[in-house]
Amino acid sequence: MMMRVLVTGGAGYIGSHCCKALASAGFEPVVYDNLSTGHRHFCKWGPLVPGDIRDADTLSRTFEAMRPVAVIHLAAQSIVTRSNEDPQETFDVNVAGTLNLLDVMKRYGTDRIVFSSTCAIYGNVESQTIDEACRNNPINPYGSSKAMVEAILESYEAAYGLRSVRLRYFNAAGADEKAAVGEWHEPETHLIPIVLDVAMGLRPALQINGNDYDTADGTAIRDYIHVEDLASAHVSALTYLLEGAPGATVNVGTGAGHSVSEIVQVVSRLTRRPVPTLHGPRRPGDPPRLVANARRAGQLLHWQPRKDIDAMIRDAWRWHQDLRKADGVQSLTA
Ligand code: UDP
């Protein structure tokens, strides 16, 4: 019988790619998603149960009916700016929602979880690359909420034997090669889709959030990871847990950093379109540099990223053009 895996947030950008990767690895993904930011038509690889992770009744009924062997937990409020403006919402969804989910898991004896954590828990870091031993020092409520859940999961493993892999994502980018699913947020706050809108002429310019950081070109550096590579890390983490291994915290990045200005250049080169920029203030809660030391993922999970920044931008561009065509491009010009 196919092993069922509950994927909270499975209708979202990263979640949908995880479902695809799970299905090709022989699992049956069951999406649990309140569709607040997710898309119903992104659920192509298994059933969708509409529901909120804070809703214990719906969650219990789902566990009762589906009996998942494990959970991949991505449902969250994941926008940094929004977490600064409304921390109550972020902590409610990300922390209280997760506690609720863990409670239901305990009751149904589901004792393995892959958790969507983030490099935002590191905050401002001096070193060139960040390994998992680096002290947690989040500088926004989003990062704090994820650090809290990591701590909760460690306690739950010690006390209840609930094993978890905490995957600390760096910056997801790109889309499925065949453009079945991709990045689609309303409103969009993420760098690459915004730059692609500029390249399409749907926005007049990219506002660069700060050009006075202590980096080579003054703009902030991130470690972009292809969403398919990120998805395959979840399957590796799940396999690791199913083999009986103890919980772990693992960075998921490529180890290569790219500044905002570099991303603009790559997009301009690959799309052969101009990308006008203008300089704006730093965005509160943005660290200057977040680049992974991703060795542990290789050693422990036998996982390696395959796609570089050019592949990410190419795949994102293909997806983004289709999305905007389907969307009726005029919606963004206002
Ligand atoms: N960024 C920018 N202009 C934009 C959107 C993003 O300069 O219109 C910057 C942002 O401040 C950060 C980097 O691009 O330094 C990556 O931001 P994104 O929101 O994509 O991911 P985050 O690192 O916040 O998760």
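Up top you'll find the structure we're talking about.
Overview of the structure. (Residues numbered from 1 in each chain as written. Predicted model: local features only at pLDDT ≥ 70, side-chain atom pairs only at ≥ 80, totals over all residues. Heavy atoms only, no water.)

Things to note about the site of the ligand
Here comes step 1: Near the ligand, the surroundings consist of 15 residues, among which Leu191, Gln207, Asn209, Arg283 and Asp286 are the closest.
Here comes step 2: A distance of 2.7 Å separates a nitrogen atom of the ligand from a polar backbone atom of Gln207.
Here comes step 3: Contacts to the ligand include Asp286, whose side-chain N or O atom sits 2.5 Å from an oxygen atom.
Here comes step 4: If the ligand stood free it would expose 520 Å²; the protein chains cover 87% of that surface.
Here comes step 5: Those elements giving two or more residues to the shell around the ligand turn out to be helix 6 (191-199) and strand 8 (206-209).
Here comes step 6: With four residues, the top contributor of residues to the shell around the ligand is strand 8.
Here comes step 7: Here the shell around the ligand is composed, by residue class, of seven nonpolar, five polar and three charged. (Near = heavy atom within 4 Å. Polar contact = N/O pair within 3.5 Å; in protein donor to acceptor, adjacent residues only side chain to side chain. Areas by Shrake-Rupley, 256 points an atom, 1.4 Å probe, with all protein chains shown as cover. Helix = DSSP H or I, 4+ residues; strand = E, 2+ residues; numbered from the N terminus. Nonpolar A, V, L, I, M, F, W, Y, C, P; charged D, E, K, R; others polar.)

What to know about the packing of aromatic side chains
Here comes step 1: Overall, the coordinates contain five aromatic pairs when judged by the stated rule.
Here comes step 2: Summarising the aromatic geometry, the rings of Tyr122 and Phe170 are spaced 6.4 Å apart at their centres and angled 35° between planes, so their arrangement reads as tilted. Pair noted here: Tyr122 is in the loop between strand 5 (112-118) and helix 5 (141-160) and Phe170 is in the loop between strand 6 (163-169) and strand 7 (171-173), with a separation of 48 residues, a long-range link.
Here comes step 3: Feature note: the residues Phe42, Trp184 and Trp319 constitute an aromatic cluster, connected by ring pairs.
Here comes step 4: When the ring centre of Tyr160 is taken as origin, the NZ or CZ atom of Lys106, which lies over that ring, is 4.1 Å away.
Here comes step 5: Seen from the ring of Tyr213, Arg282 lies directly overhead, with NZ or CZ sitting 4.0 Å from the centre. (Phe/Tyr/Trp six-rings, centres within 6.5 Å; stacked < 30°, edge-to-face > 60°. Lys NZ or Arg CZ within 6 Å of the ring centre and 35° of its normal.)

Points about unusual backbone geometry
Here comes step 1: Following Glu186, the chain continues into Pro187 via a peptide bond in cis, with omega recorded as -5°.
Here comes step 2: The topology assignment puts Pro187 in the loop between strand 7 and helix 6.
Here comes step 3: Backbone geometry at Arg67 places phi at a positive 45°, although glycine is not the residue there.
Here comes step 4: Relative to the assigned elements, Arg67 resides in the loop between helix 2 (56-66) and strand 4 (70-73).

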